[in-house]
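A look at the structure
Chain by chain, the residues:
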There are 2 protein chains.
Amino acid sequence: MKRIRLRVAYDGTDFCGWQIQPKKRTVEGELDLAINELLHTKIHVIGASRTDAGVHALGNVAVFDTDSPIPPERFAFALNQHLPKDIRIQSSDQVPDDWHPRHCDCRKTYEYRILNRPVNLPTESRYSWFCHQQLSIPRMQKAAAYLVGNHDFKSFCSAKTDVETTVRTIYRLEVEQNEEHIRIRVQGNGFLYNMVRIIAGTLVQVGAGKIHPEDMPDILSSCDRKQAGITAPAHGLRLVEIDYDE
Amino acid sequence: MKRIRLRVAYDGTDFCGWQIQPKKRTVEGELDLAINELLHTKIHVIGASRTDAGVHALGNVAVFDTDSPIPPERFAFALNQHLPKDIRIQSSDQVPDDWHPRHCDCRKTYEYRILNRPVNLPTESRYSWFCHQQLSIPRMQKAAAYLVGNHDFKSFCSAKTDVETTVRTIYRLEVEQNEEHIRIRVQGNGFLYNMVRIIAGTLVQVGAGKIHPEDMPDILSSCDRKQAGITAPAHGLRLVEIDYDE
């Protein structure tokens, strides 16, 4: 028996998120299906990040156990032959039998993309949130700086959550502009439900002048979801990578 | 009566190209429909570039004539209310009554995108040609340089064409690399049928070592389509803009 780790990229548009659900098209469901087709046994993968419906990924992580003689690094290619085109395994390797993608120390990097111009562009709208009002990048950067570090992010978490603690560490949170493209990059040791999308929505409202950058400490300390900004739409978000300390 | 010019962006994925065809979804057909819905009269637009099925555009150009009292620059917003999301009018203005988008001196800019990495990325595959073999950018740039200028591009034109002359001028042809993204940008006074896609396909074969950069002058002078490389797929191509000398 060996444990195989997959790095999984997908276009989230046509998925009801990661987590398997009856009669819904999910990334986890498609992965299980492909593995079962390849190995002719019923296997369930365990995923690192259960991304929401519409969220994309360049490098989500999943593991499964198998006795198959297929070399670990060949599973990427083999599974891609059985997967739909909107999922591509980027690589595969063997990990220790007790290695778990959610119980390991890791750094997750997400990117939120905003298209900031007067009219939407169809070639961008699948992967960017379109904002027509002009956004101030310096204001967004100033607000972002308050969120870096170890904080209770309860204000930046959707109500429907049952986590033990809402304290998380953000290592980096950068707002970059390249002409009409704005990218928010955030790296942390874990994120609460909708946390990155609420951060993105709040920063956009800061950029539009509706929230003051200096309000961020009060928003954090209130531990009240209603004090933070709106939840940015899912399609602008992508899970870039998960780095494990190993 | 006034002539209105539209700058039109679209995601070409779900269109059978620009040109109107019975029972097919085309950009021209959708524009006609939207104008007829808005103005309640049967009007046909005249387009600048009749892009192929699957080709995208940031700034194709179309004109139509109307007596409507709507201010010329308001047509962009008004028509977007009637158009599907994969077409967005970027701007509208009035042009002289005899201004024709195909009979004017202009510079057209196209971009061809290539994703050059071992495994495809679902979030890129809609707008880039995936090439897994490593491509040499210096070789591609060297080959590209031979194509700049005034040449007979018959070798870079698909057979099914009935143009008067196959001589065209390429003002610029650049191959740029940003990590795994390769972009071919070409600007010219007009392009033959499939010309940009054949240039892109040929340059990729040069980059992969299958064609020598030094063969380009012979390929040009042969005036034989079979001497050039393959036709790159439509989805990597986008019409960036059309500049009119005015």
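Numbers given for residues are sequential positions, taken from 1 along each chain in its written order. As a convention, the first chain written is A and the first ligand written is 1, with the rest following in written order. pLDDT decides what is reported in this predicted model: residues at 70 or higher carry local features, side-chain atom pairs at 80 or more are listed and counted, and totals for whole chains, interfaces and linings draw on all residues regardless. For the side-chain quantities, the full set of heavy atoms in the structure was used; hydrogens and water were omitted.

1. Overview of the relation of the copies chain B and chain A
Our superposition of the copies is a least-squares fit, built on the C-alpha atoms of residues whose pLDDT is at least 70 in both. At an RMSD of 0.0 Å, chain B and chain A line up after a rotation of 180° and a shift of 0.0 Å along the axis. The superposition operator between the copies reduces to a two-fold rotation axis. Identified as the residue of chain B closest to the rotation axis by C-alpha distance is B:Arg126, at 5.0 Å.

2. Some words on the pairing of strand E5 (residues 106–116) of chain B
One face of the sheet, then the other: side chains in a regular strand alternate in exactly this way. Residue and element names in this part refer to chain B. Burial status follows relative accessibility: with a 1.4 Å probe on protein chains alone, a residue under 20% of its type maximum counts as buried, one over 50% as exposed, and anything between as partly exposed. Strands are runs of DSSP state E lasting at least 2 residues, helices are runs of H or I lasting at least 4, and numbering of each runs from the N terminus. With respect to burial, E5 is a largely interior element, 10 of its 11 residues being buried. Each pair of strands is called paired provided DSSP finds at least two bridges between the two strands. Where E5 meets strand E10 (residues 237–244), 7 bridges bridge the pair, whose relative direction is antiparallel. From the neighbouring strand, threonine 109 faces E10, where its bridge partner is glutamate 241. With 8 bridges joining them, E5 and strand E9 (residues 181–188) adopt antiparallel strand pairing. When the bridges of E9 are listed, leucine 115 appears paired with histidine 181.

3. Re the interface of chain B and chain A
Contacts between the two partners involve 21 residues from chain B, matched on the other side by 21 residues from chain A. Between chain B and chain A, a total of about 1,500 Å² is buried, with carbon and sulfur atoms accounting for 62% of that surface. Accessible area that two parts lose when put together, with a 1.4 Å probe and added across both, is what the buried area reports. Of all residues in chain B, B:Gln90, B:Pro122 and B:Thr123 give up the largest surface area on contact with chain A, accounting jointly for 38% of the area buried on that side. Criterion for a salt bridge: a side-chain nitrogen of Lys or Arg within 4 Å of a carboxyl oxygen of Asp or Glu. At the boundary of chain B and chain A, one finds 0 salt bridges. Nitrogen and oxygen atoms within 3.5 Å of one another constitute a polar contact, given that in protein one can donate a hydrogen and the other can accept it, and given that sequence-neighbouring residues count only through two side-chain atoms. The interface formed by chain B and chain A includes 4 residue pairs in polar contact (both at pLDDT 80 or more). Elements represented by at least two residues in the side of chain B that touches chain A include exactly strand E1 (2–10), strand E3 (56–66) and strand E4 (87–95) of chain B. Sorting elements by how many residues they give to the side of chain B that touches chain A places E4(B) first, with 4 residues. For this classification, Asp, Glu, Lys and Arg are treated as charged, while Ala, Val, Leu, Ile, Met, Phe, Trp, Tyr, Cys and Pro are nonpolar and the rest, including Gly, are polar. Grouping the amino acids of the side of chain B that touches chain A by side-chain chemistry returns 9 nonpolar, 5 polar and 7 charged. Residues are treated as being in contact if the distance between any of their heavy atoms lies within 4.5 Å.

4. A short note on the pairing of E3(B)
All names here are of chain B. When you tally the buried positions in E3, you get 9 out of 11 residues, the bulk of the element. Examined bridge by bridge, E3 and E10 share 2 bridges and lie parallel to one another. Note that in E10 the partner of alanine 57 across the bridge is leucine 239.

5. Notes on the packing of aromatic side chains
Pairing of aromatic side chains requires ring centres within 6.5 Å, counting the rings of Phe and Tyr and the six-membered ring of Trp. Pairs whose planes differ by under 30 degrees are stacked, by over 60 edge-to-face, and all others tilted. Tallied over the full model, the rule gives 14 aromatic pairs over all chains. Seen in terms of ring centroids, B:Tyr10 and B:Phe15 are 6.5 Å apart; in terms of plane orientation they differ by 75°. Their pairing is edge-to-face. Both residues of the pair, B:Tyr10 and B:Phe15, count as buried. Ring centres of B:Phe153 and B:Phe156 lie 6.3 Å apart, and the angle between their planes is 70°; on these two criteria the pair is classed as edge-to-face. You'll find B:Phe153 and B:Phe156 in the same group, each marked buried. Directly above the aromatic system of A:Tyr171 lies the positively charged group of A:Arg107, at a separation of 3.9 Å from the ring centroid. Placement of a positive charge over a ring is assigned whenever Lys NZ or Arg CZ falls within 6 Å of the ring centre and within 35 degrees of the normal to the ring plane.

6. Some thoughts on the packing of helix H3 (residues 137–147) of chain B against helix H4 (residues 195–207) of chain B
Residue and element names in this part refer to chain B. Between H3 and H4, whose axes approach to 8 Å, the crossing angle comes to 140°. Considering the angle they form, H3 stands oblique to H4. For the element pair H3 and H4, the recorded crossing hand is right-handed. In this structure, H3 uses Arg139, Met140, Ala143, Ala144 and Leu147 to contact H4, whose residues at the interface are Ile199, Leu203, Val204, Val206 and Gly207. Angles here are taken between N-to-C directions and fall from 0 to 180 degrees, while the axes themselves are lines fitted to C-alpha atoms, restricted in helices to the stretch in contact. Put simply, angles under 35 degrees are roughly parallel, angles over 145 are roughly antiparallel, angles from 65 to 115 are roughly perpendicular, and the rest are oblique. Crossing handedness follows the turn of the near helix against the far one: under a right angle anticlockwise gives a left-handed crossing, and clockwise gives a right-handed one.

7. What about the confidence of the model for chain A?
Residue-level confidence of the predictor is summarised by pLDDT, bounded by 0 at the bottom and 100 at the top. Scored by pLDDT, chain A comes out at a mean of 96, with 99% of its residues at no less than 70. Overall fold confidence (pTM) sits at 0.95, and the ipTM for the predicted complex is 0.92.

8. Looking at the environment of A:His212
Residues and elements named next belong to chain A. Residue position: histidine 212 is located in the loop between helix H4 (195–207) and helix H5 (216–222). Taking relative accessible area as the criterion, histidine 212 reaches 46% and is therefore assigned partly exposed. With 72 residues separating them in the primary sequence, histidine 212 and methionine 140 have C-alpha atoms 9.4 Å apart.

9. Structural notes on unusual backbone geometry
In this model, A:Asn194 sits at a positive phi of 70°, which is unusual for a non-glycine residue. With respect to the helices and strands, the residue A:Asn194 is situated in the loop between strand E9 (181–188) and H4. For A:Asn194, a relative accessible area of 14% puts it in the buried group. Phi is positive for B:Cys223, which is not a glycine, with a value near 50°. Mapped onto the secondary structure, B:Cys223 falls in the loop between helix H5 (216–222) and E10.

10. Observations concerning H4(B)
Residue and element names in this part refer to chain B. A helix's residues, less one, multiplied by 1.5 Å, set its expected span. Given a rise of 1.5 Å per residue, 13 residues ought to cover 18 Å, and the 18 Å separating the end C-alpha atoms of H4 matches this to within 8%. Burial of H4 is extensive: 13 of the 13 residues sit out of reach of the surface. Following H4 by one or two positions, glycine 209 adopts a phi angle in the positive range, close to 90°.

11. Considering the pattern of salt bridges
Residue and element names in this part refer to chain A. Scanning all chains against the criterion turns up 26 salt bridges over all chains. In this structure, the salt-bridge partner of aspartate 86 is arginine 25, at a minimum N-O distance of 2.9 Å. Note that aspartate 86 is positioned in the loop between helix H2 (75–80) and strand E4 (87–95) and arginine 25 in the loop between strand E1 (2–10) and helix H1 (27–39), a separation of 61 residues in sequence. Aspartate 86 gets classed as buried once you look at its relative accessible area, which sits at 15%. When the shortest N-O distance is used, the salt bridge between glutamate 180 and arginine 117 registers 3.0 Å. In this pair, glutamate 180 sits in the loop between strand E8 (167–178) and E9 while arginine 117 sits in the loop between strand E5 (106–116) and strand E6 (129–131), placing the two residues 63 residues apart along the sequence. It is possible to trace a salt-bridge network through shared partners that takes in Glu111, Arg113, Arg183 and Arg185.

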